[in-house]
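A structural walkthrough
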Amino acid sequence: MKTINIALIPGDGIGPEVVEEGVKVLKAIEQLDDRLSFSFTSFPWGCEYYLQEGKMMADDGIEQLNQFDAIYLGAVGYPGVPDHISLWDLLLKIRKQFDQYVNLRPITLLNEALTPLKARTERDIDFLIIRENSEGEYAGAGDRLFKGKPEEVALQTGVFSRKGTERIIRYAYEEARNSGRTLTSISKGNALNYSMVFWDEVFEEIGKEYPDVETYSYLVDAASLYFVNDPGGFEVVVTSNLFGDILTDLGAALTGGLGLATGANVNPEKKFPSMFEPVHGSAPDIAGKGIANPLAAIWSVSQLLDFFDEDKWGAAILSSIRDIINEKEILTPDLGGNASTADVGDRIVEQLKSK
Ligand code: NAD
Ligand code: IPM
Ligand code: MN
């Protein structure tokens, strides 16, 4: 029997609502497969915890999480706690402490009805964004000088180390090679004359080891245009932390919105647990109403299973998500339906039973 020990951090807003559905799906799989079991330990960390305890997680939170195989997270951040505190002290802390330097965010259109782009089908929008997830523009290096004075200055320094840049680019080349896809680097060397010139050089240098991989390199502004005009030109994409953050929301908009966008924060060496989470935030505007779309969070479960070499189940979940979208009967309001979060989770479980 293979047991995967999972730490749950449901977090804030719709986080707990969607994580509940992801757990429902894992429990169903456990019933359907004698070989597999999951253990769940839930942590109450988030903004409510902060308001009571004055901190976003327990002091030894990182040590506690380090005991698990994986972390499954809902969302972090809520009005009442400054975002830069809630995110830096929980979500970003985990990504950094556990060296989850690869952020895998598929941009996959599951049904042509989901894209706002005219005359585009599933064949035209199917790529993988590999976002650098440990440094870059989100290194957290900077200062606020002369606070509140007219001469005030805010500094936010991008940090692009050779180690950090090489490893993410190498990961992307490997992914492109192993899957027989092209690789596109997205950067901004014309204006960011230190960091992104360096990025482009590393992309070329490492490329020499991968002569079999066909490459493209675009500036981020032009790439945003191509995402919309010619999404079929992208297969595997590698980009920096900030650009990856923005481009994956754009990618989400092309494929059905944030309710369907997933991301895996991976430490490829498996030295630390990896973390699986939807791309979306806590959605305070719809929290507590039971109408959040759980499909992004359920897709994260599919990524989790792929990561633990349970690709068969990963694929079965994705195919169930595809089925529920094709049926159009049981969808949440963001996808034009009137089903609840729990209805969608239940239907996915029914679909899985028929796989
Ligand atoms: P958001 O992703 O929470 O919401 C943006 C919009 O998308 C809202 O209209 C929301 O209703 C909708 N939406 C998001 N997820 C949805 C779902 N599953 N189903 C249906 N609709 C959905 O982004 P925001 O409003 O910019 O941020 C809210 C809070 O979340 C902030 O505190 C922010 O810092 C935080 N945040 C956290 C994460 C994370 O934990 N990974 C990611 C992004 C934002
Ligand atoms: C995301 C989020 C986070 C990020 C925020 C909440 C810090 O936007 O996962 O896309 O920028 O990485
Ligand atoms: Mn984001």
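Throughout, a residue's number is its position along its own chain's written sequence, starting from 1. Throughout, the order in which chains and ligands are written sets their labels, letters from A for the former and numbers from 1 for the latter. At least 70 in pLDDT is required for a residue's local features to be given in this predicted model, at least 80 for side-chain atom pairs to be given and counted, and no such filter applies to totals for whole chains, interfaces and linings, which use all residues. Side-chain measures were taken over the full set of non-hydrogen atoms in the model, leaving aside hydrogen atoms and water.

**What to know about the site of ligand 1**
One heavy atom within 4 Å of a molecule or strand makes the whole residue count as near it. What surrounds ligand 1 is a group of 22 residues, the closest being Val76, Asp83, Gly281, Ala283 and Asp285. Note that an oxygen atom of ligand 1 is positioned 2.9 Å from one of the backbone N or O atoms of Val76. Here a polar contact is recorded for every N or O atom pair within 3.5 Å, except that within protein the pair must consist of a potential hydrogen donor and a potential acceptor, and residues adjacent in sequence are included only if both atoms are side-chain atoms. Contact between ligand 1 and His280: a nitrogen atom at 3.3 Å from a side-chain N or O atom of the residue. Per-residue and other accessible areas were derived by the Shrake-Rupley procedure at a 1.4 Å probe size, with only the shown protein chains allowed to occlude residues. Protein chains shield 71% of the accessible area of ligand 1, which is 800 Å² for the free molecule. Lining residues are those with an atom within 4 Å of a point, where the points come from a 1 Å grid over the protein atoms alone and group into cavities, where a 1.4 Å probe fits but cannot get out, or pockets, open sets with protein on both sides within 12 Å along at least five of seven lines. Occupancy of a cavity or pocket is assigned to a molecule whenever over half of its atoms lie within 2 Å of that pocket's grid points. Applying the majority rule of atoms within 2 Å of the grid points places ligand 1 in the largest pocket. Helix and strand assignments come from DSSP, with helices taken as H or I runs of at least 4 residues and strands as E runs of at least 2, each series counted from the N terminus. Looking at the shell around ligand 1 element by element, the count peaks at 3 residues for helix 4 (residues 83–97).

**A closer look at the domain arrangement of the chain**
Per the domain assignment, the segments of the chain are domain 1 (1–101 + 263–355) and domain 2 (116–255). Either an automatic procedure or a domain database provided the assignment from which the domain bounds are taken. Computed from C-alpha atoms alone, the centre-to-centre distance between domain 1 and domain 2 is 25 Å. Residues count as neighbours in contact if any of their non-hydrogen atoms are within 4.5 Å of one another. If you look at the interface, domain 1 gives 9 residues, while domain 2 gives 12 residues. Reported buried area values correspond to the accessible surface (1.4 Å probe) lost by two parts on association, with both partners' losses combined. The contact between domain 1 and domain 2 buries some 920 Å² in all, and 49% of this surface belongs to carbon and sulfur atoms. When the buried area of domain 1 at its contact with domain 2 is split by residue, Arg95, Lys96 and Tyr101 rank highest and sum to 54% of it. Each reported salt bridge corresponds to a side-chain nitrogen of Lys or Arg within 4 Å of a carboxyl oxygen of Asp or Glu. Linking domain 1 with domain 2 are 1 salt bridge. At the junction of domain 1 and domain 2, the tally comes to 6 residue pairs in polar contact (both at pLDDT 80 or more). For the side of domain 1 that touches domain 2, the element with the highest residue contribution is helix 4, accounting for 3 residues. Classes in brief: Ala, Val, Leu, Ile, Met, Phe, Trp, Tyr, Cys and Pro nonpolar; Asp, Glu, Lys and Arg charged; the others, Gly included, polar. Residues of the side of domain 1 that touches domain 2, tallied by class, amount to 4 nonpolar, 2 polar and 3 charged.

**What about the site of ligand 2?**
Neighbouring ligand 2 are Leu87, Arg95, Arg105, Arg131, Tyr138 and Asp245. One nitrogen or oxygen atom from the side chain of Arg95 is found 2.6 Å from an oxygen atom belonging to ligand 2. Residue Asp245 places a side-chain N or O atom 2.9 Å away from an oxygen atom belonging to ligand 2. Bound to the protein, ligand 2 loses 76% of the 320 Å² it would expose on its own. Here ligand 2 occupies the largest pocket. Across the shell around ligand 2, the residue classes tally to 2 nonpolar, no polar and 4 charged.

**Describing a nonpolar patch on the surface**
The grouping of Leu145, Phe146, Val153 and Leu155 at the surface amounts to a nonpolar patch, some 310 Å² of accessible area in total. Structurally, Val153 can be placed in strand 7 (residues 153–159). To sort residues, take the accessible area from a 1.4 Å probe on protein chains only and compare it with the maximum for the residue type: under 20% means buried, over 50% means exposed, and anything in between is partly exposed. The partly exposed category is assigned to Val153, whose relative accessible area is 31%. Patch membership requires more than 30% relative accessible area and the absence of a salt bridge. Residues of like charge join within 9 Å; the nonpolar side chains Val, Leu, Ile, Met, Phe, Trp and Tyr join within 5 Å.

**Structural notes on empty space enclosed by the protein**
Grid points are joined across faces, edges and corners, and a volume is the space filled by probe spheres set on the points. Per the stated rule, a full pass over the model turns up 1 cavity of 30 Å³ or more. The volume enclosed by the largest cavity comes to roughly 60 Å³. The wall of the largest cavity is formed by Pro106, Ile107, Thr108, Ala252, Thr255, Leu260, Ala261, Thr262 and Trp299. Top element by residues in the lining of the largest cavity is strand 4 (residues 102–108). It accounts for 3 residues. Residue composition of the lining of the largest cavity, grouped by class: 6 nonpolar, 3 polar and no charged.

**With respect to the layout of surface pockets**
Sizing a probe to match a water molecule and rolling it over the atoms shows the empty space that remains. In this structure, the largest pocket encloses a volume near 690 Å³. Around the largest pocket, the lining comprises 36 residues; the ones closest to its centre are Val76, Val279, His280, Gly281 and Ser282. Going through the elements one at a time, strand 3 (70–75), helix 4, helix 8 (241–254) and strand 12 (274–278) are the ones with two or more residues in the lining of the largest pocket. Per-element accounting of the lining of the largest pocket gives the leading share, 5 residues, to helix 4. Its residues assigned to classes, the lining of the largest pocket comprises 19 nonpolar, 9 polar and 8 charged. Looking at which domains feed residues into the lining of the largest pocket, each of domain 1 (1–101 + 263–355) and domain 2 (116–255) supplies at least three. Space inside the second largest pocket adds up to approximately 520 Å³.

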